[in-house]
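Each chain, letter by letter, is given below.
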Amino acid sequence: MPEQRTLERAQKAKREGKSPKTQAGEFVREEIEHIRSGEHGARSTKQAIAIGLSKARKAGIDLPPPAKGKASEKTRRSAARAYAKGQSGHSHKTSPTRSRAIHGVLKREPHQAASSEALARQAKQAAARRTAAERSASSRKGMSKRSPAERSAAARKAARTRARS
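Residues numbered from 1 in each chain as written. Predicted model: local features only at pLDDT ≥ 70, side-chain atom pairs only at ≥ 80, totals over all residues. Heavy atoms only, no water.

1. Digging into the layout of surface pockets
The calculated volume of the second largest pocket comes to roughly 200 Å³. Per-element tally for the lining of the second largest pocket: the top contributor is helix α7 (residues 132–144), with four residues. Class assignment of the residues belonging to the lining of the second largest pocket gives a composition of one nonpolar, five polar and three charged. (1 Å grid on protein atoms, 1.4 Å probe; cavity = no way out; pocket = protein on both sides within 12 Å on 5 of 7 lines; lining within 4 Å. Points joined across faces, edges and corners; volume = space filled by probe spheres on them. Helix = DSSP H or I, 4+ residues; strand = E, 2+ residues; numbered from the N terminus. Nonpolar A, V, L, I, M, F, W, Y, C, P; charged D, E, K, R; others polar.)

Structure representation (structure tokens):
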């Protein structure tokens, strides 16, 4: 079950008109925090993200499963099941035995999946799968939502970064 403050942050993002992907990001963030604090581990950064997205779908975030060809059939089925559960309105109690078993398995997994290096590597790999045009369009869309003051602050920061390297 997601923490109350995660649900509140996701609801706040929804009120602000943020995309379902951004709302789901709060759940991914919670998973990363859990791994870092030693609550459990994950085999890979991808698995940590997948757990967070699954929790988001079950919590009712309007994040449909990936399209055909975007992910494996098994992943798509799992995401569809979580999405349906979240959209159905009522939730039944998860079996404590099952919950304990999953937690026990995750506890034995390593904790490096949530390290800043692992997250940076995952982000870089994800970005590499996108075309330059997609990355550019995404960047432009992000900038269009900023005020002139925020844009000039971002430009100053970029200039500082360029000067450093």
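2. What to know about the pattern of salt bridges
Evaluation of the coordinates by the stated rule reveals 11 salt bridges. Between Glu16 and Lys12 there is a salt bridge; the shortest N-O distance is 3.3 Å. On the accessibility criterion, Lys12 (45% relative accessible area) is partly exposed. Arg29 serves as the salt-bridge partner of Glu33, at 3.9 Å between the closest nitrogen and oxygen. With Glu33 and Arg29 both in helix α2 (residues 20–37), this residue pair falls four residues apart, about one helical turn. Residue class for Arg29 comes out partly exposed when judged on its relative accessible area of 42%. Shared partners join several salt bridges into a network, and the residues in it are Glu3, Arg5, Arg9, Glu26, Arg29 and Glu33. (Salt bridge = Lys/Arg side-chain N within 4 Å of Asp/Glu carboxyl O. Buried < 20%, exposed > 50% of the residue type's maximum accessible area, 1.4 Å probe, protein only.)

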